[in-house]
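# An overview of the molecular structure
Spelled out, the chains give:
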Amino acid sequence: MSLRLLALSCSALLLVVPTLAAAEPPAPVEAPYSPVTLDAVKARADVALLRRALETIHPGLYRYRSRAELQAAFVRLEAAASRPTTDLALWRALALMLAELHCDHTKPEPSVALEAYRRTHPTHLPLRFKILEGRMIVVSNDGQPGAPPPGAELVGINGLPVPRVLTELGRAVAHDGSTDHAIAAKLASDSDLMGDDFNEYWPAFRGFPTKWVLDWKRSGALRLSHSTLAPISFKEWTALSWPGSPYRDEFYKAIHWRIDGKRALLRIDTFVNYRNPVDATAFLGGFFKTLKAQGVEQLVLDLRESGGGSEDVSVALGRYLLKAPFLWSKPSLLKAIRYGDLPTHIESWGDRKAVFEPDEKGFRRTSDGWWERLPRPDDEGLRMQDVSPDAFTGTVTVLSGPMNGSGATRTLAQLKEKLGARLVGEESAGSAEGPTAGRIFLLTLPHSGLRIRIPNAWNRTNIEHFVPGRGVPVDETVVPTVADFEAGRDRAVEVAKTSGTAVVPTLATVLVGSWSGTLDYRDFQSDRRVILPTTLEATGDGEEIRFAFTFDDGPGKTVRSTESWRIRDEGRTLVTGEDREEMKILERRGGSAAAELTLVAEGRGEENKQPVEVRTVLTRRGAVLSISRLTRRPGEPFLLRHVYRMSAVARSDG
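Below: a short report on this structure. By convention here, each chain's residues receive numbers from 1 onward along its written sequence. Restriction of local features to residues with pLDDT of at least 70 applies here, the model being predicted, together with a cutoff of 80 or more for giving and counting side-chain atom pairs; totals for whole chains, interfaces and linings are based on all residues. Excluding hydrogens and water, the side-chain figures rest on all heavy atoms present in the structure.

Helix axes are fitted only over the stretch in contact, all axes being lines through C-alpha atoms; the angle between N-to-C directions runs from 0 to 180 degrees. Numbered from the N terminus, helices here are DSSP runs of H or I no shorter than four residues, and strands are runs of E no shorter than two. Two elements in contact, helix H10 (residues 280-294) and helix H11 (residues 311-321), have axes whose closest approach is 9 Å; the angle formed by their N-to-C orientations is 35°. Both H10 and H11 take part in a crossing whose hand is right-handed. Side by side, H10 and H11 meet where Ala280, Thr281, Leu284, Gly285 and Phe288 of the first sit next to Asp312, Val313, Ala316, Leu317, Arg319, Tyr320 and Leu321 of the second. Looking at the contact of H10 with H11 residue by residue, the class counts come to 8 nonpolar, 2 polar and 2 charged. The sense of a crossing depends on the near helix, which, turned anticlockwise from the far helix by less than a right angle, makes the crossing left-handed and, turned clockwise, makes it right-handed. Only heavy atoms enter the contact rule, under which two residues are in contact if any of them lie within 4.5 Å. Each residue receives one of three labels: charged for Asp, Glu, Lys and Arg, nonpolar for Ala, Val, Leu, Ile, Met, Phe, Trp, Tyr, Cys and Pro, and polar for the others, Gly being one of them.

By the convention used here, strands pair only if DSSP detects at least 2 bridges between them. The sheet built from 10 strands closes into a barrel, its strands ordered E22-E23-E24-E25-E26-E27-E28-E29-E30-E31 with antiparallel pairing. The mean inter-strand angle of the sheet, taken between neighbouring strand axes irrespective of direction, is 25°.

Burial classification: accessible surface area is computed with a 1.4 Å probe over protein chains only, and a residue below 20% of its type maximum counts as buried, one above 50% as exposed, and the rest as partly exposed. Neither face of strand E26 (residues 573-576) is open: one carries Thr573 and Val575, the other Leu574 and Thr576, and all of them are buried. Pairing of strand E25 (residues 558-568) with E26 involves 4 bridges; the strand directions are antiparallel. Each residue of the ladder has a partner; that of Arg566, found in E26, is Val575. In textbook terms, the turn of a hairpin is the stretch between consecutive antiparallel strands, and for E25 and E26 this stretch comprises 4 residues, one of which, Asp569, has a positive phi near 55°. The pairing of E26 with strand E27 (residues 581-589) spans 4 bridges and is classified as antiparallel. Across the sheet, the residue bridging to Leu574 is Met583, located in E27. Following E26, the chain reverses through 4 residues before pairing antiparallel with E27; Gly577 in that reversal takes a positive phi of roughly 80°.

Remember that side chains alternate between the two faces of the sheet whenever the strand is regular. Two strands pair when backbone bridges link them, and E27 and strand E28 (residues 597-607) are joined in this way by 5 bridges, in the antiparallel orientation. Following the sheet pairing, Arg588 is matched in E28 by Leu599.

A carboxyl oxygen of Asp or Glu within 4 Å of a side-chain nitrogen of Lys or Arg is what we treat as a salt bridge. Applying the stated criterion across every chain yields a total of 53 salt bridges. One salt bridge in this structure joins Asp390 and Lys289, with 2.8 Å as the shortest N-O distance. Linking Asp390 in the loop between strand E16 (371-373) and strand E17 (395-400) with Lys289 in helix H10, this pair joins segments that are 101 residues apart in sequence. Residue classification places Lys289 among the partly exposed residues on the basis of a relative accessible area of 48%. Salt-bridge contacts for Glu636 lead to Arg633; the nearest nitrogen and oxygen are separated by 3.2 Å. Judged by its relative accessible area of 38%, Arg633 falls in the partly exposed class. Here the salt bridges do not stand alone but share partners, grouping Arg422, Glu476, Asp484, Arg491, Glu587, Arg589 and Arg621 into one network.

Note that every value here comes from positions in space, so none of it alone points to a role or purpose.
Here it is in structure tokens:
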């Protein structure tokens with residue numbers, strides 16, 4: 001029996017191990033928020049206004065989706081508004097429809113009344129989390145008694161299995177093009193909204209909770225733990241410990257740097273420089289003058305937390321990092337520069353006449369009907385820029401990941417194309433060729449009060465090489481793992497600092513021997529977790545290995561399974577299972593110990609007769625081995641299918 005089929009066969013065993021399944025927590029009590037009820041006439045009027053605004057203003061409406069696809073999305077939204085509804089239900093329907101545009105700058109915001117309620121009532125989850133290896137891993141909590149500790153995994157929330165929660169809420173997450181890998185990151189952290197997309201959209205799908213009933217487990221534990229916690233306020237949530245950028249960070253506060261001999265690390269967690277603006281070039285000048293004075297030879301630029309922000313920060317980095325004069329942008333394109341009566345429903349910053357009735361002389365009408373904005377004196381991105389006398393002349397390594405978008409992704413694209421910078425980490429989200437962004441209009445729907453962010457321009461990056469609908473690929477993939485989190489390691493920084501490649505042990509070196517631990521898997525029917533005591537005998541040589549698993553399913557019930565793995569194509573392909581499933585190896589990396597290994601491979605498979613993407617993650621750290629299988633369908637985050645957590649068994653000489 002293969003590893004892939006084992007969970008399917010074991011799903012029938014769930015009923016004979018009831019002590020291992022999560023107890024059904026009580027249904028959450030409705031919070032005292034009174035939803036606003038809209039009759040069908042008002043709901044349809046709000047939807048009609050939204051559709052007219054999108055079709056008039058949005059320059060990327062059909063950039064990633066066909067007219068037929070969006071017509072179907074509008075029909076679904078109009079159907080939801082064809083009967084009496086509530087502001088929460090309409091918020092949900094709007095979020096689902098707008099996510100289908102695949103534009104990270106187009107998303108709903110709650111009404112003023114809803115936002116006021118959230119700011120005055122505790123509704124947030126009292127912990128922070130990351131999604132690692134398809135699992136919801138706790139990063140910090142607010143100290144309530146019984147709260148799951150950092151490193152614990154949430155498996156159930158208010159009676160719902162976590163995979164269902166993440167899939168449901170993930171459908172509302174806005175992201176550019178085909179960057180589905182951004183969904184998991186945004187569910188955990190998103191300064192555009194009220195903290196993260198999990199907390200943002202939970203009320204729209206499930207109402208405001210008065211308590212959080214959590215099922216959770218520690219890695220390798222045989223049984224689940226249960227906690228009932230009080231919600232916390234949004235302000236308390238923003239104070240929770242988080243290893244990355246604080247909520248709505250600003251450029252002048254988001255710079256961290258250190259110099260270690262001939263190597264320097266510069267971390268910029270946001271490019272937002274419009275709330276409390278500083279001169280970005282001058283602000284960065286002290287750092288780059290110091291690099292020059294100290295003869296620093298390698299710069300590691302960590303942009304992983306930055307979702308974008310102000311173009312002046314991007315241009316300033318270009319002045320200090322590029323080798324020759326450069327042009328940052330191509331002229332932006334607008335679908336319209338006159339909007340009829342729509343401005344009466346729209347908020348925006350700046351002079352309203354200049355925004356909604358700009359001088360046509362500031363644009364060139366293209367042959368296909370676009371309005372191309374002509375350069376203005378304050379458009380740094382459209383003027384040729386000189387490099388600074390203090391520009392860095394050494395090697396540049398840039399760290400990127402799925403939190404990147406908008407201006408941060410454009411910066412990655414420029415540094416890759418114009419500088420040849422080495423990119424380490426994970427492919428960015430966003431659009432390398434430039435996002436649909438510009439000025440963000442906030443449309444208020446008059447009857448529900450819900451607000452919609454609508455961008456008015458397509459900002460285009462001055463590059464020649466890109467994949468439409470994608471971010472910027474990396475040169476060296478480093479995937480964060482649960483093992484890294486447990487050890488407090490940042491392997492992307494470790495890899496960025498090295499110029500060579502660590503010795504990679506063979507599969508046999510890492511795996512051969514006796515192991516004992518658990519199989520922890522998602523039941524195919526219920527999505528609930530089942531945990532079985534498991535032993536493993538691994539045999540093989542070189543890059544071929546054979547697993548023999550024994551699963552203890554209770555008194556008198558033993559299940560056995562075998563599986564083979566082989567690495568071929570000079571380390572590029574992992575072949576697994578009796579049906580010889582082939583997966584592309586994204587990362588295969590050793591470490592300081594002879595048997596340390598991180599192996600990440602991706603391929604395609606089937607789940608319940610539906611095509612899915614498949615990811616395998618193997619880590620060995622010391623005597624601990626973990627093998628995870630994750631799957632996802634389009635538009636969803638990777639979710640855990642099963643994980644083996646094993647410890648090496650010492651052999652007896654007797």
